[in-house]
Amino acid sequence: WTLYAIFGGFTSTYGRTASHVDRFKMQAAAGTLIVLSLTIGTAVGTLPLASFIAIIGIGLVGGATAGMAEVFQWRPSGALFMVFAFGACASNPETISKIPISFVVGAICAIFAIAVGSIGVWHPTNRGLAAPKINFTRTEIRRNVYQYGGTASAAMFISTVDHLSHPYWAAMTAVVPLTATSTTDRINRGLHRLVGTFIGLFVAVAIISTRPHGWIMLLWIGFLLICAELFILKHYGMAMVFMTPMALLMTQLNVKHISTSLVLDRGITTGIGVSIGLSVLYLTTD
């Protein structure tokens, strides 16, 4: 259940500099979509041919949530966490009994994250920043929907037909450049993802070599997440040095020993994702 809990907890990443009312609204909306994404993903994981159904599903989830993120000006922007949640849960074969469990666990953790984010409302001198002025056009919304949906599905498809064990890693990586605002920032975000991931793979190998499991693995995940949060707004590439081993540990919570083949899989899917993401930007940017 820890995977569902972690995704629900990602609700806390939204609206960190917004006023308390705006943060509550943003986290409530984004958290709802994250929980729905992981629940739908879990449901897909129970179906025959789930891997190929997920190719279409991840595009629909990415496109729809990216459109909403643009309309309501969520920060961080884009549909990264929804794509991540759907892809990870859809890639794990599950039984039907896990569908309500995924929803309940994800929802509880999302609600907890919202509650933590609302604590500061009682402090009179800490009101945060005003919500950004909503300024968008239908063309921008459609572009976001097509970019996120097409990019996620294309990366998922290529990784699936190549028989990679975690094709959603490529889909998640492919949408990362789209989360930035300007073209230059998007290219830099993609390159930071690539370089930071490959450095992070060496960190992952060092951690995996200690054969962590159980509570030790959870402690590693918590430590790596804290380190990633310290850098995420300062230098995305450095944050990926910690996010990469964290992602590897997150998806292997139910096994005692992590195979080092996962490291190679992560490197390949990252290369595929960045290549597709930057290619889509080149083809769709005026």
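Residues numbered from 1 in each chain as written. Predicted model: local features only at pLDDT ≥ 70, side-chain atom pairs only at ≥ 80, totals over all residues. Heavy atoms only, no water.

A. Representation of the overall build of the protein chain within the structure. For the protein chain, the count of helices and strands is eleven helices and zero strands. Tracing the protein chain from N to C terminus, the helices and strands come up as α-α-α-α-α-α-α-α-α-α-α. Looking at the protein chain residue by residue over its 286 residues, the buried ones come to 49%. Considering only contacts within the protein chain whose residues lie at least 6 apart along the sequence, 81% involve residues at least 24 apart. Per element, the accessible surface of the protein chain, about 13,800 Å² overall, is 71% carbon and sulfur. (Helix = DSSP H or I, 4+ residues; strand = E, 2+ residues; numbered from the N terminus. Buried < 20%, exposed > 50% of the residue type's maximum accessible area, 1.4 Å probe, protein only. Contact = heavy atoms within 4.5 Å. Areas by Shrake-Rupley, 256 points an atom, 1.4 Å probe, with all protein chains shown as cover.)

B. Up close: helix α1 (residues 2–9). Among the residues of α1, Leu3, Tyr4, Ile6, Phe7 and Gly8 are the ones counted as buried. The secondary structure elements touched by the buried residues of α1 are α2 (20–45), α4 (80–90), α5 (98–118), α9 (215–231) and α10 (236–250).

C. Geometry of the packing of aromatic side chains. Tallied over the full model, the rule gives ten aromatic pairs. Residues Phe231 and Phe242 carry aromatic rings whose centres are separated by 5.8 Å and whose planes lie at 15° to one another, so their mutual orientation is stacked. One end of the pair, Phe231, is in helix α9; the other, Phe242, is in helix α10, with eleven residues separating them in the sequence. One aromatic cluster in this structure is built from Phe7, Phe10, Tyr14, Trp74, Phe81, Phe84, Tyr168 and Trp169. (Phe/Tyr/Trp six-rings, centres within 6.5 Å; stacked < 30°, edge-to-face > 60°.)

D. Inspection of the environment of Thr2 at higher detail. Following the sequence through the fold, Thr2 ends up in helix α1. Among the residues examined, Thr2 registers a relative accessible area of 31% and is labelled partly exposed. C-alpha separation for the pair Thr2 and Gly106, spaced 104 residues apart in sequence, amounts to 9.2 Å.

E. A look at the environment of Met250. Here Met250 shows up in helix α10. Judged by relative accessible area, which is 2%, Met250 ranks as buried. Taking the C-alpha atoms as reference, Met250 lies 6.6 Å from Leu3; in sequence the two are 247 residues apart.

F. Main features of the layout of surface pockets. If you add up the space inside the largest pocket, you get close to 980 Å³. Listed by contribution, the elements that provide at least two residues to the lining of the largest pocket are α4, α8 (183–208), α9 and α10. The leading source of residues in the lining of the largest pocket is α10, at six residues. Of the residues assigned to the lining of the largest pocket, the class counts are 23 nonpolar, nine polar and eight charged. (1 Å grid on protein atoms, 1.4 Å probe; cavity = no way out; pocket = protein on both sides within 12 Å on 5 of 7 lines; lining within 4 Å. Points joined across faces, edges and corners; volume = space filled by probe spheres on them. Nonpolar A, V, L, I, M, F, W, Y, C, P; charged D, E, K, R; others polar.)

G. How the structure looks around the pattern of salt bridges. Taken as a whole and assessed by the stated rule, the structure comprises one salt bridge. Across the pair Lys98 and Glu94 runs a salt bridge, and its minimum N-O distance is 3.3 Å. Judged by relative accessible area, Lys98 falls into the partly exposed class, the value being 23%. (Salt bridge = Lys/Arg side-chain N within 4 Å of Asp/Glu carboxyl O.)

H. Focus on the nonpolar core. Counting 68 residues, the largest nonpolar core has Phe7, Tyr14, Ile34, Trp74, Met82, Phe84 and Met250 as the members making the most contacts within it. Considering each element in turn, this core owes the most residues, ten residues, to α4. Not counting the four nearest positions on each side in its chain, Trp74 is found in contact with Tyr14, Met26, Ala29, Ala30, Leu33, Thr65, Met68, Ala69 and Met82. (Core = buried A, V, L, I, M, F, W, Y, C linked by side-chain atoms within 4.5 Å.)

I. Expanded view of a nonpolar patch on the surface. Together, Leu47, Leu49, Phe52, Ile53, Phe157, Ile158 and Val161 line one region of the surface with nonpolar side chains, adding up to about 610 Å² of accessible area. Secondary-structure assignment places Val161 in helix α6 (residues 138–161). (Patch = residues over 30% accessible without salt bridge, like charges linked within 9 Å, V, L, I, M, F, W, Y side chains within 5 Å.)

J. Summary view of the packing of helix α3 (residues 50–72) against α4. Two elements in contact, α3 and α4, have axes separated by 9 Å at closest approach and are oriented at 165°. Considering the angle they form, α3 stands roughly antiparallel to α4. Here α3 runs over α4; the crossing is right-handed. Of the residues in α4, those touching α3 at Ala50, Ala54, Gly57, Ile58, Val61, Gly62 and Thr65 are Met82, Val83, Phe86, Gly87 and Ala90. Grouping the constituent residues of the contact of α3 with α4 by class yields eight nonpolar, four polar and no charged. (Axes fitted to C-alpha atoms, helices over the stretch in contact; angles between N-to-C directions. Parallel < 35°, antiparallel > 145°, perpendicular 65-115°, else oblique. Left-handed = near helix turned anticlockwise from the far one by under 90°.)

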